[in-house]
Amino acid sequence: MPIVPSNSVDAGQAVYSPLVLGFYDLWVLGVSNHLLWRCPTRDLRALYDRNVSERHIDVGVGTGYYLDKVPFPAAAPEITLFDLNANSLAAAARRIARYRPKVVQADALHPWPVEGPCKSAGLMYLLHCLPGSMAEKAIVFDHVAAALQPGGRVFGATIVQGKAPRSLAAQKLMDAYNRQGIFSNAHDTIEDLDHELARRFPERHVRLEGCVALFEAVRPA
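About the cut-offs
- Residues numbered from 1 in each chain as written.
- Predicted model: local features only at pLDDT ≥ 70, side-chain atom pairs only at ≥ 80, totals over all residues.
- Heavy atoms only, no water.
- Buried < 20%, exposed > 50% of the residue type's maximum accessible area, 1.4 Å probe, protein only.
- Helix = DSSP H or I, 4+ residues; strand = E, 2+ residues; numbered from the N terminus.
- Arc of directions from axis to C-beta.
- Contact = heavy atoms within 4.5 Å.
- Core = buried A, V, L, I, M, F, W, Y, C linked by side-chain atoms within 4.5 Å.
- Pairing = 2+ DSSP bridges.
- Polar contact = N/O pair within 3.5 Å; in protein donor to acceptor, adjacent residues only side chain to side chain.
- Axes fitted to C-alpha atoms, helices over the stretch in contact; angles between N-to-C directions.
- Parallel < 35°, antiparallel > 145°, perpendicular 65-115°, else oblique.
- Left-handed = near helix turned anticlockwise from the far one by under 90°.
- Nonpolar A, V, L, I, M, F, W, Y, C, P; charged D, E, K, R; others polar.
- Salt bridge = Lys/Arg side-chain N within 4 Å of Asp/Glu carboxyl O.
- Patch = residues over 30% accessible without salt bridge, like charges linked within 9 Å, V, L, I, M, F, W, Y side chains within 5 Å.
- Areas by Shrake-Rupley, 256 points an atom, 1.4 Å probe, with all protein chains shown as cover.

Draft legend 1. Local environment of helix α9 (residues 190-200). Within the sequence span of α9, burial applies to I190, L193, E196, L197 and R200. End-on, the buried residues of α9 take up no more than an arc of 130°, which puts them together on one face. Elements in contact with the buried residues of α9: α6 (134-137), α7 (139-147), β5 (148-159), β6 (203-209) and β7 (212-218).

Right, here's the structure in full:
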């Protein structure tokens, strides 16, 4: 497995300053998902509704929007927030402070320093920010499999290219994000995503909505 340079990893998360996070929900969840990526935020929320558990780890936490909105199956869920960006961790932790989440600042491409096992893991909009090919990024699936209990669920979404339908505006924005290092998805396809998931999780469901690949999988017993 090639070693991904640390500065490449940093580029995908460094943009999330407190100022940027203040506009994140409006721009990404309100505008980009609906008008550019053509995958409404309500459909991403539905992923959480179907899969989240009372022992959950969220990897790539954004602003904590989904964890704030999801109806957990327990009044006091055990939540671990996992991200490389301290600003995102702080924003998400504040937003769901009522659940007293654990906070882990680490690189998802390296073995995860988390206590386990968990019953569910969310990887929302993480993969397209990670550098490398899909095969290189998929080491994340090895780490999540190690953190999940047998029968535990991993789910998430990532913006892909390949045959995914993209408007000119969506393609231009993706190209700009790739040049800036915010995205690293120039060669990401839903077929490669499904292939890498299949190697670890025979029971899985992957589908395309707009240019977003949504996935759900179960760790084998």
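So, next bit.
Draft legend 2. Spotlight on the nonpolar core. Judged by nonpolar contacts, the single largest core of 74 residues is most densely connected at W37, W112 and Y125. Not counting residues within four places of it along the chain, the set of residues in contact with Y125 comprises Y24, V28, N33, W37, L44, A157, T158, I159 and V212.

Draft legend 3. Structural view of the pairing of β5. As judged from the six bridges shared by strand β4 (residues 118-124) and β5, these two strands associate in the parallel manner. Looking across to β5, one finds that C118 is bridged to L148. In the sheet, β5 pairs with β7 via seven bridges, with the strands oriented antiparallel. Residue F155 lies in a different strand from β7, and its bridge partner there is E216.

Draft legend 4. Looking closely at helix α5 (residues 86-95). The set of residues buried in α5 consists of S88, L89, A91, A92 and A93. Close packing links the buried residues of α5 with α2 (18-36), β2 (78-83) and β3 (102-105). For α5, the N-terminal capping position is held by N85, with its side-chain oxygen 2.8 Å away from the main-chain nitrogen of N87.

Draft legend 5. Inspection of the packing of α2 against α5 at higher detail. Relative to each other, α2 and α5 sit at 50°, their axes nearing to 10 Å. Of the possible angle classes, the one that applies to α2 and α5 is oblique. Both α2 and α5 take part in a crossing whose hand is right-handed. Side by side, α2 and α5 meet where P18, L21 and D25 of the first sit next to N87, S88, A91 and R95 of the second. For the contact of α2 with α5, a count of residues per class yields three nonpolar, two polar and two charged.

Draft legend 6. View of the sheet that holds β3. Strands sit in the order β3-β2-β1-β4-β5-β7-β6 across an open sheet of seven strands; the sheet is mixed. Each end of this open sheet is capped by a strand with a single partner; those strands are β3 and β6. Taking each pair of neighbouring strands and ignoring which way they run, the sheet shows an average axis angle of 15°. The strands touched by α9 within the sheet are β5, β6 and β7, with β6 carrying the most contacts at an inclination of about 170°.

Draft legend 7. The pattern of salt bridges, seen in detail. Under the counting rule described, the total for this entry stands at 12 salt bridges. Between D25 and R95 there is a salt bridge, with its nearest N and O atoms 2.8 Å apart. Of the two residues, D25 is situated in helix α2 and R95 in helix α5; the sequence distance between them amounts to 70 residues. Across the pair E196 and R199 runs a salt bridge, and its minimum N-O distance is 3.2 Å. Placement of both E196 and R199 in helix α9 is noted, with a separation of three residues, approximately one turn of the helix. The exposure class of E196 is buried, given its relative accessible area of 5%. With a relative accessible area of 57%, R199 lands in the exposed category. Taken together, the salt bridges that share partners define one network made up of D25, D68, R95 and R98.

Draft legend 8. How the structure looks around the environment of V160. One can find V160 in the loop between β5 and α8 (168-180). The class of V160 is buried, set by a relative accessible area of 0%. In the structure, V160 is positioned 19 residues away from F141 in sequence and 17 Å away in space, judged by C-alpha atoms.

Draft legend 9. Examining unusual backbone geometry more closely. Notably, R38 is not glycine yet its phi reads approximately 60°, a positive angle. With respect to the helices and strands, R38 occurs in the loop between α2 and α3 (41-51).

Draft legend 10. Main features of a nonpolar patch on the surface. Nonpolar side chains collect at one region of the surface, where L19, F23 and L26 lie side by side and expose about 360 Å² of accessible area between them. Relative to the helices and strands, L26 is located in helix α2.

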